[in-house]
Amino acid sequence: MSPAAQFRYWWVSRPGARVPDGWVPISEADFSQAGIKGSRIESMAEPGDRMPAWAWDLLQVARTAYVADKKSLRETAADNWTRTIHIDVPVRDPGAWEGRAEAVACELLQTLTADQWHVTFQPASPTWTRQGRVIGNWKAAEVALFSGGLDSTAFAADLAKQPGEDALLVMFYDPATKSRQEVVFQEISAIRSRKMHRRIASQMVLGRPLELSSRSRGLLYLATAVYMAAAHGAPRVLLPENGQLALNLPLSPSRPAACSTRSAHPRTLDLLNHLIIALGGDVTVTNPLAAMTKGEVCALALQAGLTSQTLFSTVSCSHPPHTRNAGHSFHCGYCYACLVRRSGLCHALGADHTGYQHDPWHLPTKDTKTEDLLALLLWLNSPLTTTDLIADIPLPGGTNPADLMPVLHRARQELTTMLTSVLPENGPYRGGWQPKP
């Protein structure tokens, strides 16, 4: 491995603190808080007196890893991808991280990013910052992640419809999609049987250049939600992701491991839950949509009372167009997420009026915008077996791969139906396409 792929980051808690030679200082200042009321994420979470140390420490590790991930350019690696990243993190309870917890944390980060991670710890300041009761005296019974995409919108609407105590939606600030998130949240609030709250945190890292991939971002999202669940005494965090994209099998041999996002993969959630247990925590992270296809998720949203127009207003794109701030499309139309979105909406509504920037089947096959479509056609043209579920990344112990096959087969059928309806009859993408079960 190229020496240039070695990175070392030391989190500095106090301005002017000494950093060991060979380490790059990072700190709270590396996060942009633009548009967020209250600079620190802790100020949005704590309803009671003290936050459990394990939850604060987990969030601190996730934030440090995310900054390190964004500042470590993959192009410097010998293979243009794999890096070795060392981070030193201030935590409240360093002893809790010795042994099992440290090993699981490194395994979790490696699963997400396909890099080699080394994590060491320093004692955090002994003074515990009093957060104050900035959110009042209520406590959330449920905590769920909410991105404003189809899956999280459908689940939030269904959650709001169910009678129960207050629920908390954890959102992340994105100035380009803020208006869309606001519209969708208001629609969810209008159908509620329970009171829905939301808290918005920042995910943006300052500086240039930054690594374009963000494989550790999922851990930042989850650790933030876990932090807030611990603050409220909620027993679980709900990460809503349809079963197909949660497993996210590589569509081609060129997309193994972290070349495909693993944020909601069963192994990721299993490792995170084991890490929480090792730290002495009592919050469990689960995926309530793991057994549902995208189309079934869209149907759930309609059953909860959302309109088709609300579903079209959600944002699900992996490569959103740069022009979206100017009022143009929020969806590229050609990425894998957009293709799955199209299939889900067509399944539930019979049509998709989202308004995409491109329809890849109308582009030449050599256009780079057709890469995901070609990979998807290849995947649908190949048989799917249980071996495909474990060839790329292990499943948690005790998981029967056969139990995961039905949702994948139904998802493949949704995609096949959608593509059959849109691919030009005499176009280059029809040739030899015979989808396999």
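As the structure is a computational prediction, the values presented were derived from the model and not from experiment. (Residues numbered from 1 in each chain as written. Predicted model: local features only at pLDDT ≥ 70, side-chain atom pairs only at ≥ 80, totals over all residues. Heavy atoms only, no water.)

**Student:** Even after reading the chapter, I still don't get the overall build of the protein, so can you show me in this structure?
**Tutor:** Counting its secondary structure elements, the protein contains 13 helices and 9 strands. For the protein, the exposed surface amounts to about 18,300 Å²; the carbon and sulfur share of it is 52%. (Helix = DSSP H or I, 4+ residues; strand = E, 2+ residues; numbered from the N terminus. Areas by Shrake-Rupley, 256 points an atom, 1.4 Å probe, with all protein chains shown as cover.)

**Student:** Before we go on, may I ask you to explain the packing of helix H10 (residues 336-349) against helix H13 (residues 401-422) in this structure?
**Tutor:** Relative orientation and spacing of two packed helices are given, respectively, by the angle between their axes and the distance between those axes. In contact at an axis separation of 9 Å, H10 and H13 are set at 90° when each is read in the N-to-C sense. On the basis of their axis angle, the class for H10 and H13 is roughly perpendicular. Here Leu339, Val340, Arg342, Ser343, Gly344, Cys346 and His347 of H10 come into contact with H13, specifically with Glu414, Leu415 and Met418. A per-class count over the contact of H10 with H13 returns 5 nonpolar, 3 polar and 2 charged. (Axes fitted to C-alpha atoms, helices over the stretch in contact; angles between N-to-C directions. Parallel < 35°, antiparallel > 145°, perpendicular 65-115°, else oblique. Contact = heavy atoms within 4.5 Å. Nonpolar A, V, L, I, M, F, W, Y, C, P; charged D, E, K, R; others polar.)

**Student:** Looking at this structure, how should I read the sheet that holds strand E8 (residues 236-238)?
**Tutor:** Taken together, 5 strands build an open sheet; the order of strands is E7-E6-E5-E8-E9 and the sheet is parallel. The two strands at the open ends of the sheet, each matched to only one other strand, are strand E7 (196-202) and strand E9 (284-286). Across this sheet, the average inter-strand angle for adjacent strands is 25°, counted without regard to direction. Bridging between E8 and E9 involves 3 bridges; their strand directions are parallel. Of the residues in E9, the one forming a bridge with Leu238 is Thr286. Sheet strands touched by helix H5 (residues 217-232): strand E5 (142-145), strand E6 (167-173), E7, E8 and E9. Its angle to E6, the strand with the most contacts, is close to 145°. (Pairing = 2+ DSSP bridges.)

**Student:** Is there a simple way to think about the pattern of salt bridges in this case?
**Tutor:** Side chains bearing opposite charge may pair, as long as their charged atoms lie close to each other. As enumerated under the stated definition, the model contains 15 salt bridges in all. The partner of Glu107 in a salt bridge is Arg267, and the shortest N-O contact between them spans 2.4 Å. With a gap of 160 residues between them, Glu107 in helix H2 (residues 100-113) and Arg267 in helix H7 (residues 266-278) connect regions that are remote in the sequence. The partly exposed category is assigned to Glu107, whose relative accessible area is 30%. By relative accessible area, which is 17% here, Arg267 ends up buried. Note that Arg430 and Glu425 form a salt bridge whose closest N and O atoms lie 3.6 Å from each other. (Salt bridge = Lys/Arg side-chain N within 4 Å of Asp/Glu carboxyl O. Buried < 20%, exposed > 50% of the residue type's maximum accessible area, 1.4 Å probe, protein only.)

**Student:** Please explain the nonpolar core as it appears in this structure.
**Tutor:** A general feature of soluble globular proteins is that nonpolar side chains tend to end up buried together. Trp54, Leu58, Ile87, Trp97, Val143 and Leu275 are the most contacted members of the largest nonpolar core, which totals 68 residues. Dropping the residues within four chain positions of it, Val143 is found in contact with Leu168, Val170, Ala225, Ala229, Ala234, Arg236, Val237 and Leu238. With 34 residues, the next largest nonpolar core counts Leu169, Met171, Met196 and Phe312 among its residues. (Core = buried A, V, L, I, M, F, W, Y, C linked by side-chain atoms within 4.5 Å.)

**Student:** In this structure, what is going on with the sheet that holds strand E1 (residues 6-11)? I would like to understand it.
**Tutor:** The pairing of strands in a sheet happens through backbone hydrogen bonds and is either parallel or antiparallel. Reading across from one edge, E2-E1-E3-E4 is the order of the 4 strands in this open sheet, with parallel pairing throughout. Bordering the open sheet on either side are strand E2 (24-26) and strand E4 (116-123), each of which pairs with just one other strand. Along the sheet, successive strands turn relative to each other by an average axial angle of 25°, direction set aside. Two elements, E1 and E2, share 3 bridges in a ladder whose sense is parallel. Within the sheet, the bridge partner assigned to Trp11 lies in E2 and is Ile26. Where helix H1 (residues 53-71) meets the sheet, it contacts E1, E2, strand E3 (84-91) and E4, and its direction lies at approximately 145° from that of E3.

**Student:** Would you mind showing me how to read the packing of aromatic side chains here?
**Tutor:** For any pair of aromatic rings, the description rests on two quantities: the centre-to-centre distance and the angle between the ring planes. Applying the stated criterion across every chain, the model contains 5 aromatic pairs. Positioned above the aromatic ring of Trp56, the side-chain terminus of Arg92 is 4.4 Å from the ring centre. In this arrangement the basic side chain of Arg412 is found over the ring face of Trp379, its NZ or CZ atom lying 4.7 Å from the centre. (Phe/Tyr/Trp six-rings, centres within 6.5 Å; stacked < 30°, edge-to-face > 60°. Lys NZ or Arg CZ within 6 Å of the ring centre and 35° of its normal.)

**Student:** Looking at this structure, how should I read the state of the cysteines?
**Tutor:** Each disulfide is one covalent bond, formed between the sulfur atoms of two cysteines. All chains considered together, the criterion is met by 0 disulfides. In this structure Cys335 is a free cysteine whose sulfur lies 3.6 Å from that of Cys338, the closest cysteine sulfur available. Judged by its relative accessible area of 1%, Cys335 falls in the buried class. (Disulfide = S-S within 2.5 Å.)

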